[in-house]
Amino acid sequence: MSVSDHRRDNMPRRPGRRENVLRLLAHFLRNDSGAYAIFVGLALPVLVGAAAFGTEEGLLLYKHRQMQHAADSGAVSAAAAYVMGNSSVVTQADSVAASYGFVTGSNATVTVNQPPTSGPNLNNAQAIEVLISQNQPRLFSGIWGAGPIAVSARAVALPEHQACVLVLDRNASGAFSAQGSVNINLVNCAINDDSGDAQAMAIGGASTVSAEFVGVVGGISGRQSVTTVDGTVTGYHVVLDPYANVTPPPFSGCDYTNYSAKSAATISPGVYCGGMNLRAGAAVIMNPGIYYLDGGALSMAGSASLTGSGVTLVFTSSTGKNYATASLSGGATIDIAPPGSGQMSGIAIYGDHNMPLGTQFDFRGGSNQSIGGAVDLPRAAVNWAGNPTTQQPCTQLIADTIQFVGDSGLSINCSGYGTSPISTVATLLE
């Protein structure tokens, strides 16, 4: 054998093409990355589908939450409209729902019921139910059905009784008092008495009280003389003065001192040091604005009259003593209404919140007394008579204590007066 033949026999043999293919196939089958690739390829449609359906479910959930917010806001707003008399409950609820993008007859259905048609408030004639529904087109779930998916939301709100009388003293006996033969007729409004005394509300003699609702923190003496539409509740919660944070603009100096009138006159806003004395025969007209009574009193007697619209009388003291008060008697006529906007919006009579507790205010104008808007005297002991609802549809009487000394009528139809509600306007129940 030649040397060349020996070398050729000892050289490694090159694999053939078939062997190479088999070897590569075996290597692929042993390689884990190939298995993962196959698994991902098979699972990818399932993963994409799950993500797609999750996205669709998220969109439906978002739409339901948006719809629930609309129903909640619509129900509360409708209840507030019911209390304030600003618009119908249906109009108000539809308007709020539309602001969220849900419009009946366009892309949704908004239904308002009073009372509700289901739920725990089914028989509550005051409760307001708002139902909103809207069909959502299917996305990936269309492989299981062609029809749209209905999304709906429901809310129920209760209008709160709006008070036209609020007594703030927490401890006084007879904080609200009517003695003798006084008849008090409160139209569509309530009484709130914050006193926790056992006789916080005292009705005596032949006196009667008629109101939509009475809520007293303490107890009632003469309860049999109280007639209500929606009940009389003792152990009620404390109600705060809605004007507690209101402060009139600052003033200085005296525009008038010891002002007095006994005939026809027209006066302007300003500072009246020593108050106002309107004698018999005085017929004073007030131009719109704020009138500061710095000390003294608003004194009216005989046939004196005081009229004005868009006015606020502020009883105060620049010295911190001898705060101004009011004394109306002998058939005096007062007919005023507050500004509907601005810093003193809704307030016709304002008592300085720093005056001594129990400062006496006498409003005994009888049938000639007509004060619209808020009488906010949180530190005063008020004697009150008159203010017929036929002349002023909106009056809020707020004081430390209130004694009714003559027949009185108050109402709380305050649309356009700029007043603040004495209590919460509406509560979301469901």
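Residues numbered from 1 in each chain as written. Predicted model: local features only at pLDDT ≥ 70, side-chain atom pairs only at ≥ 80, totals over all residues. Heavy atoms only, no water.

### Here's the deal with the overall build of the chain
Test applied: Helix and strand labels come from DSSP, where a helix needs a run of H or I of at least four residues and a strand needs a run of E of at least two; each type is numbered from the N terminus. For each residue, the accessible area found with a 1.4 Å probe, counting protein chains only, is set against the maximum for its type, and the residue is called buried under 20%, exposed over 50%, and partly exposed in between. By definition, residues are in contact when any of their heavy atoms lie within 4.5 Å.
When helices and strands are tallied, the chain shows four helices and 28 strands. Residues counted as buried form 45% of the 430 residues belonging to the chain. Sequence-distant contacts, at least 24 apart, represent 53% of the contacts inside the chain between residues at least 6 apart.

### Details of the state of the cysteines
Put simply, the test is: When two cysteine sulfur atoms lie within 2.5 Å, the pair is treated as a disulfide.
Counted according to the given criterion, the structure contains three disulfides. Put simply, Cys164 and Cys189 are joined by a disulfide, and their sulfur atoms are 2.1 Å apart. The sign of the 50 degrees torsion about the S-S bond sets the Cys164-Cys189 disulfide as right-handed. Residue Cys164 is located in strand E4 (residues 163–167), and its partner Cys189 is located in the loop between strand E6 (183–187) and strand E7 (190–193); the two are separated by 25 residues in the primary sequence.

### Let's talk about the pairing of E6
To keep it simple, the criterion reads: For two strands to be treated as a pair, DSSP must find no fewer than two bridges joining them.
A one-sided burial pattern is seen for E6, the buried positions being Ile184 and Leu186 and the unburied ones Asn183, Asn185 and Val187. Pairing of E6 with strand E9 (residues 208–211) involves three bridges; the strand directions are parallel. When the sheet's bridge partners are listed, Asn183 is paired in E9 with Thr208. As paired elements, E6 and strand E27 (residues 395–411) share four bridges and run parallel to each other.

### Some points on the pattern of salt bridges
We count it as follows: In the sections that follow, a salt bridge refers to a side-chain nitrogen of Lys or Arg positioned within 4 Å of a carboxyl oxygen of Asp or Glu.
Within this structure, the stated rule accounts for two salt bridges. Across the pair Glu129 and Arg154 runs a salt bridge whose closest N-O atoms are separated by 2.7 Å. Of this pair, Glu129 sits in strand E2 (residues 128–136) while Arg154 sits in strand E3 (residues 149–159), and the two are 25 residues apart along the sequence. Of the charged contacts in the structure, one is a salt bridge between Arg364 and Asp362, with a shortest N-O distance of 3.7 Å. According to the relative accessible area criterion, Arg364 is partly exposed, its value standing at 37%. The buried category is assigned to Asp362, whose relative accessible area is 18%.

### Digging into the sheet that holds strand E22 (residues 333–337)
Spelled out, the test is: Whenever a helix is involved, its axis is fitted only over the stretch in contact; in every case the axis is a line through C-alpha atoms, and angles between N-to-C directions fall within 0 to 180 degrees.
With parallel pairing, five strands are arranged side by side in an open sheet as E15-E17-E19-E22-E25. Each of the sheet's edge strands pairs with one partner strand only, and the pair in question is strand E15 (264–267) and strand E25 (369–371). Between one strand axis and the next, the sheet turns by 15 degrees as a mean value, whatever way the strands run. Pairing of strand E19 (residues 305–309) with E22 involves five bridges; the strand directions are parallel. Paired with Thr307 across the bridge in E22 is Asp335.

### With respect to the confidence of the model for the chain
How we decide: pLDDT is a residue-level measure of predictor confidence that goes from 0 to 100.
Summing up the model confidence of the chain, the mean pLDDT is 85 and the portion of residues at 70 or higher is 82%. The low-confidence segment residues 47–52, where pLDDT is below 50, has one contact with residues more than four positions distant or belonging to other chains.

### Quick look at the pairing of strand E10 (residues 213–216)
Burial of the side chains of E10 extends over both faces: Phe213 and Gly215 are buried on one face and Val214 and Val216 on the other. Two elements, E7 and E10, share four bridges in a ladder whose sense is parallel. From the neighbouring strand, Ile191 faces E10, where its bridge partner is Val214.

### Notes on unusual backbone geometry
Most peptide bonds take the trans form, and the phi angle of most residues other than glycine is negative. A cis amide bond links Gln114 to the next residue, Pro115, at an omega of 5 degrees. Note that Pro115 resides in the loop between strand E1 (109–113) and E2. Look at Asn188: it is not a glycine, yet its phi comes out positive at around 55 degrees. Structurally, Asn188 can be placed in the loop between E6 and E7.

### Section: the environment of Gly386
Topologically, Gly386 is positioned in strand E26 (residues 373–386). With 18 residues separating them in the primary sequence, Gly386 and Phe404 have C-alpha atoms 9.0 Å apart. Contacts of Gly386, omitting those with residues within four sequence positions, involve Gly366, Gln369, Asp407, Ser408 and Gly409.

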